[in-house]
Amino acid sequence: MVTCMGGAVGVEEGRAQRGLSANARDGGSIRVEGAGNRRPGYSTALSVALSRMVLSDPSLYRTELDGNLSIEGPLTGGGRISGVIDLGTTEVQVTAGTAGGGDLIPGLVHRNEPADSRRTRERAGLLVSAAAADSGGPGFGLDLQVRAPSRIFIRGRGLDTEFGGQVRLSGTTNDVIPIGQFELIRGRLDLLGKRFDLTEGQVNIQGSLDPYMRLVAETVNDDITSRIVIQGQISAPEVSFESDPELPEDEVVAQLLFG
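Computed from a predicted model, the values in this text were never measured in an experiment.

**Re the overall build of the protein chain**
Then, number 1: When its secondary structure is counted, the protein chain shows 3 helices and 14 strands.
Then, number 2: When burial is assessed residue by residue, the protein chain has 31% of its 259 residues classed as buried.
Then, number 3: Within the protein chain, contacts between residues at least 6 apart in sequence are counted, and of these 38% link residues at least 24 apart.
Then, number 4: Put simply, the protein chain shows about 15,400 Å² of open surface, and 53% of that area lies on carbon and sulfur atoms.

Okay, structure coming up:
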């Protein structure tokens with residue numbers, strides 16, 4: 001949510017010159033400048049500056065955005081949004097309800113769904129509104145670079161990690177195509193009363209909003225290195241157990257549980 005703090009619009013020969021600024025509710029600001037045609041189609045050329053703009057959901061995430069964007073073309077659709085966004089310190093909370101989508105069970109119908117549950121499913125891309133489904137508009141072309149070389153913290157349920165990386169958003173606002181990768185900088189996992197050091201971690205995004213991840217956590221006990229490997233699509237990852245020296249998987253689990 002933003003609160004408009006000031007602005008000016010000048011009109012001359014069918015064109016409107018805009019200069020608007022606003023503060024975000026949780027911190028930071030946004031400024032929009034540029035000109036647009038007042039005739040149908042509303043062709044425009046705008047620059048958007050983000051300064052430490054905070055986006056947050058107390059139960060899910062908090063992040064700061066800095067960047068410069070440009071919006072060119074008709075505002076009714078078919079224009080283009082491009083630029084670079086830098087993420088500052090980003091906190092993502094892993095809770096009991098963070099993972100798992102409401103539509104993973106075929107035919108599942110939500111009745112009397114609480115508003116906060118619906119908002120969570122909407123953020124996760126599990127909802128398509130009737131208006132969006134029926135809107136045949138061309139959307140806006142995308143060429144956005146989202147950079148976060150570090151300070152992406154994912155915490156909760158025994159997990160404490162830091163990631164870094166970048167993602168390019170292409171396609172259109174109707175069909176976003178993300179491509180990028182985030183890699184583990186450091187991390188640990190507290191599980192079954194034991195602490196595991198994360199030795200490997202990657203999240204690969206290749207054209208889908210359901211990225212592929214691989215996390216490897218290990219611990220050493222009685223000269224046996226035991227590993228928990230979590231890999232697969234984030235919507236349905238698989239867990240396996242390995243060790244060095246090599247042991248059958250059930251023995252690795254027993255070593256983790258009982259030493």
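**Digging into the confidence of the model for the protein chain**
Then, number 1: Per-residue confidence for the protein chain gives a mean pLDDT of 81; residues scoring 70 or more make up 77%.
Then, number 2: Taking the mean pLDDT of every element in the protein chain, the minimum, 44, falls on helix α2 (residues 130-134) and the maximum, 96, on strand β6 (residues 80-87).
Then, number 3: Counting interchain partners and residues more than four positions distant, the pLDDT-below-50 stretch residues 97-106 has 11 contacts.
Then, number 4: Here residues 129-134 is a poorly scored stretch, pLDDT under 50, and it has 1 contact once near neighbours within four places are set aside; other chains count.

**Points about a nonpolar patch on the surface**
Then, number 1: Taken together, the side chains of L191, L192, L257 and F258 present a nonpolar region at the surface, about 430 Å² in accessible area.
Then, number 2: Inspection of the secondary structure puts F258 in helix α3 (residues 249-258).

**Quick notes on unusual backbone geometry**
Then, number 1: Cis geometry is found at the peptide bond from D244 to P245, where omega equals 5°.
Then, number 2: Relative to the elements of secondary structure, P245 occurs in the loop between β14 (238-244) and α3.
Then, number 3: Not every positive phi belongs to a glycine, and R151 is a case in point at roughly 65°.
Then, number 4: Mapped onto the elements, R151 comes out in strand β8 (residues 141-156).
Then, number 5: Non-glycine residue D223 carries a positive phi angle of around 60°.
Then, number 6: The topology assignment puts D223 in the loop between β12 (212-221) and β13 (224-233).
Then, number 7: Classification of D223 by relative accessible area gives exposed; the value is 73%.

Thresholds applied
Residues numbered from 1 in each chain as written. Predicted model: local features only at pLDDT ≥ 70, side-chain atom pairs only at ≥ 80, totals over all residues. Heavy atoms only, no water. Helix = DSSP H or I, 4+ residues; strand = E, 2+ residues; numbered from the N terminus. Buried < 20%, exposed > 50% of the residue type's maximum accessible area, 1.4 Å probe, protein only. Contact = heavy atoms within 4.5 Å. Areas by Shrake-Rupley, 256 points an atom, 1.4 Å probe, with all protein chains shown as cover. pLDDT = per-residue confidence, 0-100. Patch = residues over 30% accessible without salt bridge, like charges linked within 9 Å, V, L, I, M, F, W, Y side chains within 5 Å. Salt bridge = Lys/Arg side-chain N within 4 Å of Asp/Glu carboxyl O.

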